[in-house]
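A structural walkthrough
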Number of protein chains: 2
Amino acid sequence: MENLTEKTITKEQIYNGKIIDLYVEEVELPNKKIGKREIVKHPGAVAILAVTDEGKILMVEQFRKPLEKTIIEIPAGKLEKGEDPLECAKRELLEETGYSCEKMEPIGSFYTSPGFADELIHLFFTDSLIKKGAQMTDEDEFLNAMEISVDEARQMVKDERIHDAKTAYGVMYMELARAAGR
Amino acid sequence: MENLTEKTITKEQIYNGKIIDLYVEEVELPNKKIGKREIVKHPGAVAILAVTDEGKILMVEQFRKPLEKTIIEIPAGKLEKGEDPLECAKRELLEETGYSCEKMEPIGSFYTSPGFADELIHLFFTDSLIKKGAQMTDEDEFLNAMEISVDEARQMVKDERIHDAKTAYGVMYMELARAAGR
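These numbers were taken from a predicted model, which means no experiment stands behind them.

Note on sheets: strands pair through backbone hydrogen bonds, and any given pair is parallel or antiparallel. All names here are of chain B. Here four strands make up an open sheet; going across it, the order is E7-E4-E10-E9 and the pairing mixed. The open sheet is flanked by strand E7 (76-78) and strand E9 (105-111), the only strands paired with a single partner. Across the sheet, the mean angle separating the axes of adjacent strands is 20° when strand polarity is ignored. Examined bridge by bridge, strand E4 (residues 45-50) and strand E10 (residues 120-126) share six bridges and lie parallel to one another. Residue pairing for E10: isoleucine 48 is matched across the bridge by phenylalanine 124. Contacts from helix H1 (residues 85-97) reach E4, E7 and E10 within the one sheet, and its direction differs from that of E4 by about 60°.

Shown next as structure tokens:
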């Protein structure tokens, strides 16, 4: 196996933001030539696959400025500094849907865009929901909560009405669980 | 349903890069207050779920500078300006693995990080591979090609040796296809 490591030669911070930072690095490539890497630093995020007693998936409709449109996603949010992902997931679920839960379990974590960003998203599953009340979103966050069956969600992935990686993953997770008789 | 749209008030370009651009926008929120959005523009990408005659998934091991480590992913790459995603997928598959294919079909497209980036990744599937020769990677791209069975890949997702969203999605796609007897 070839050694694939890229050693940093210089590192310049381009932007220090509220959610992301941007760096540009000059790196020494495995063939000793010099390359350039553009790197977005992100604090990480959580997403929650939450299923009601009727077998419906909780989702939220939210305007995503980078896309200039509204999309439908499972509840999610970014980690606060030093925050435990499980605590963050419970907080986001309550804030975005008004549900808490008896039990929540991790079902994997994934880098979303390893070519240019270090964002790691932690996925959680719960099917022991308890309705607490209305949404309590952040002051700059606006969304509509929805409950969608697995079959309807599968169709929405096909139609690209669900067009988001973590949500499509969650839908397929439910389909696989069903196929496996879980 | 509430109107969730965020109207741009000001837009500043922070960075114009080789792969990504960064913008900061002031937006008018649905409650008429002013918010700030940090937005990464990306040309989009493709990834290829390619399965050999023996039922193994083609993967590549690659150093990802944002993560400061090597990870294992299905073959992928960014779109060139104006490039058709299918053509891009065939090109990337050949460059990264030395395989071409008789037939390749789209199996969905997904936004990877809609909170801060507009990256859309187009996924393709092929199981009609034809070995052409060695890798022909870009001059700043170094990777090891691998062939991994679905069972082994499932274990690698559990162990976080596969830790990348598109690849985990591809592995689950294969598991679901098997469960459905396809």
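Turning next to the sheet that holds strand E3 (residues 34-41) of chain A. Residues and elements named next belong to chain A. Across the sheet, three strands lie side by side as E1-E2-E3; this open sheet has antiparallel pairing. Each edge of the open sheet is held by one strand with a lone partner, namely strand E1 (7-16) and E3. With strand direction ignored, the average angle separating the axes of adjacent strands in the sheet is 20°.

Let us look at the interface of chain B and chain A. Listed as interface residues are 70 residues of chain B and, on the opposing side, 70 residues of chain A. In total, about 6300 Å² of surface goes out of reach between chain B and chain A, with carbon and sulfur atoms giving 66% of it. Of all residues in chain B, B:Lys65, B:Tyr111 and B:Phe142 give up the largest surface area on contact with chain A, accounting jointly for 12% of the area buried on that side. Connecting chain B to chain A are two salt bridges. Taking the shortest distance from any N to any O, the salt bridge between B:Glu25 and A:Lys65 comes out at 3.9 Å. The interface formed by chain B and chain A holds 26 residue pairs in polar contact (both at pLDDT 80 or more) in total. Counting residues per element, the ones that place at least two in the side of chain B that touches chain A are strand E1 (7-16), strand E2 (21-28), strand E3 (34-41), strand E5 (56-64), strand E6 (69-73), E9, strand E12 (143-149) and helix H3 (165-179) of chain B. Counting residues per element, the side of chain B that touches chain A draws most heavily on H3(B), which supplies nine residues.

So, about the relation of the copies chain B and chain A. The operation relating chain B to chain A is a screw motion whose rotation component is 180°, with 0.0 Å of axial translation and a residual RMSD of 0.0 Å. In the structure described here, the two chain copies are related by an operation that fits a two-fold rotation axis. Here 100% of the contact residues of chain B are again contact residues in chain A; the copies associate through an equivalent surface.

As recorded in UniProt, the feature "domain: Nudix hydrolase" (unreviewed entry) lies at residues 40-170 of chain A. For residues 40-170 of chain A, helix accounts for 21% and strand for 40%, while the C-alpha atoms at its two ends are 25 Å apart.

To continue, consider the environment of B:Ser109. Position of B:Ser109 among the secondary structure elements: in strand E9. For B:Ser109, a relative accessible area of 8% gives the class buried. In the structure, B:Ser109 is positioned 62 residues away from B:Ala47 in sequence and 9.6 Å away in space, judged by C-alpha atoms. Once you skip the residues sitting within four places of it in the chain, B:Ser109 turns out to touch A:Glu160, A:His163, B:Leu120, B:Ile121 and B:His122. Within the structure, the side chain of B:Ser109 is placed 3.3 Å from the side chain of A:Glu160, a separation counted as a polar contact. At 2.7 Å, the side chain of B:Ser109 and the side chain of A:His163 are in polar contact.

Positive phi is not limited to glycine here, since A:Lys32 has a value of about 75°. Assignment of secondary structure puts A:Lys32 in the loop between strand E2 (21-28) and E3.

Bringing the domain arrangement of chain A into the picture now. Residue and element names in this part refer to chain A. Each assigned domain of chain A is listed with its residue range as follows: domain 1 (7-41) and domain 2 (45-179). The centre of domain 1, based on its C-alpha atoms, is set 31 Å off from the matching centre of domain 2. Taken together, the contacts link six residues of domain 1 with five residues of domain 2. Of the roughly 410 Å² buried between domain 1 and domain 2 on both sides combined, carbon and sulfur atoms contribute 48%. Summed over the shared surface of domain 1 and domain 2, the result is one salt bridge. Lysine 41 is the partner of aspartate 118 in a salt bridge, and the nearest nitrogen-oxygen pair spans 3.5 Å. On the surface where domain 1 and domain 2 come into contact, there are two residue pairs in polar contact (both at pLDDT 80 or more). The residue makeup of the side of domain 1 that touches domain 2, split by class, is three nonpolar, no polar and three charged.

Cut-offs used in this document
Residues numbered from 1 in each chain as written. Chains lettered and ligands numbered in written order. Predicted model: local features only at pLDDT ≥ 70, side-chain atom pairs only at ≥ 80, totals over all residues. Heavy atoms only, no water. Pairing = 2+ DSSP bridges. Helix = DSSP H or I, 4+ residues; strand = E, 2+ residues; numbered from the N terminus. Axes fitted to C-alpha atoms, helices over the stretch in contact; angles between N-to-C directions. Contact = heavy atoms within 4.5 Å. Buried area = accessible area lost by both parts, 1.4 Å probe. Salt bridge = Lys/Arg side-chain N within 4 Å of Asp/Glu carboxyl O. Polar contact = N/O pair within 3.5 Å; in protein donor to acceptor, adjacent residues only side chain to side chain. Least-squares fit on C-alpha atoms with pLDDT ≥ 70 in both. UniProt positions renumbered as here; feature names shortened; annotations may be inferred. Buried < 20%, exposed > 50% of the residue type's maximum accessible area, 1.4 Å probe, protein only. Domains from an automatic or database assignment. Nonpolar A, V, L, I, M, F, W, Y, C, P; charged D, E, K, R; others polar.

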